[in-house]
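Listed here are the chains, written in short residue letters.
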Amino acid sequence: MIDDGTHTAVLDRFEDELAVLLVEGEEDLVGELVVDQKELPEDGQHVDAVFTVEIATGELSAATYQAAETNDRTDESQSRFDRLSQRPPSDDDDDQ
């Protein structure tokens, strides 16, 4: 069970009309929260959206979409992907 309070959560996936949020702790995930998709703000109803969530008695009581944090994480992931996708130089490249 996820502790009551304020947490950061990321929308991981949809399962029919349900949204699965991965709730983050200080350094790692603390659990999954499954909620009705309609409980999330409309502008944040997409995979990888970041929310500030309020948990009360183990259930979602409020969710606020964090557009700037979502964009920052998306940009960081794309940058990491771009760096990893670059071909490392080979020994043959030194000869040219």
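Please refer to the structure higher up on the page.
It should be emphasised that the depicted structure is a prediction, and the values quoted were computed from it without experimental measurement.

Turning next to the side chain of Thr70. With respect to the helices and strands, Thr70 occurs in helix α1 (residues 67–85). Setting aside residues up to four positions removed in sequence, Thr70 forms contacts with His46, Asp48, Ala49, Val50 and Tyr65.

This part covers the packing of aromatic side chains. The relation between two aromatic rings is expressed through the spacing of the ring centres and the mutual angle of the planes. Enumeration according to the criterion identifies one aromatic pair in this entry. Centre to centre, the rings of Phe51 and Tyr65 are 5.9 Å apart; their planes meet at 55°, and the pair counts as tilted. One end of the pair, Phe51, is in strand β4 (residues 50–56); the other, Tyr65, is in strand β5 (residues 59–65), and 14 residues separate them in sequence.

Quick look at the sheet that holds strand β1 (residues 5–15) now. Working definition: the strands of a sheet are paired by backbone hydrogen bonds and lie parallel or antiparallel to each other. The strand order β3-β2-β1-β4-β5 describes an open sheet built from five strands, whose pairing is antiparallel. The open sheet has two free edges, formed respectively by β3 (29–36) and β5, since each of these has just one partner strand. Across the sheet, the axes of successive neighbouring strands diverge by a mean angle of 40°, strand direction being ignored. In terms of strand pairing, β1 meets strand β2 (residues 18–24) through seven bridges, oriented antiparallel. Residue Thr8 lies in a different strand from β2, and its bridge partner there is Glu24. Its contacts with the sheet put α1 on β1, β2, β4 and β5, and the angle it makes with β4 is roughly 125°.

Our next topic: a negative patch on the surface. A cluster of acidic residues, Asp16, Glu17, Asp36, Glu39 and Glu59, forms a negative patch on the protein surface. What makes Asp36 partly exposed here is its relative accessible area of 31%.

Now for the pattern of salt bridges. Across all of its chains, the model carries six salt bridges by this definition. Taking the shortest distance from any N to any O, the salt bridge between Glu32 and Arg13 comes out at 3.5 Å. In this pair, Glu32 sits in strand β3 while Arg13 sits in strand β1, placing the two residues 19 residues apart along the sequence. In this structure, the salt-bridge partner of Arg73 is Glu24, at a minimum N-O distance of 2.8 Å. Of this pair, Arg73 sits in helix α1 while Glu24 sits in strand β2; the two residues are 49 residues apart in sequence, bridging distant segments of the chain. On the basis of relative accessible area, Glu24 is assigned to the partly exposed category, the value being 22%. Linked by salt bridges that have partners in common, Asp12, Arg13, Glu15 and Glu32 make up one network.

Definitions and limits used
Residues numbered from 1 in each chain as written. Predicted model: local features only at pLDDT ≥ 70, side-chain atom pairs only at ≥ 80, totals over all residues. Heavy atoms only, no water. Helix = DSSP H or I, 4+ residues; strand = E, 2+ residues; numbered from the N terminus. Contact = heavy atoms within 4.5 Å. Phe/Tyr/Trp six-rings, centres within 6.5 Å; stacked < 30°, edge-to-face > 60°. Pairing = 2+ DSSP bridges. Axes fitted to C-alpha atoms, helices over the stretch in contact; angles between N-to-C directions. Patch = residues over 30% accessible without salt bridge, like charges linked within 9 Å, V, L, I, M, F, W, Y side chains within 5 Å. Areas by Shrake-Rupley, 256 points an atom, 1.4 Å probe, with all protein chains shown as cover. Salt bridge = Lys/Arg side-chain N within 4 Å of Asp/Glu carboxyl O. Lys, Arg positive; Asp, Glu negative; His and termini not counted. Charge placed at Lys NZ, Arg CZ, Asp CG, Glu CD. Buried < 20%, exposed > 50% of the residue type's maximum accessible area, 1.4 Å probe, protein only.

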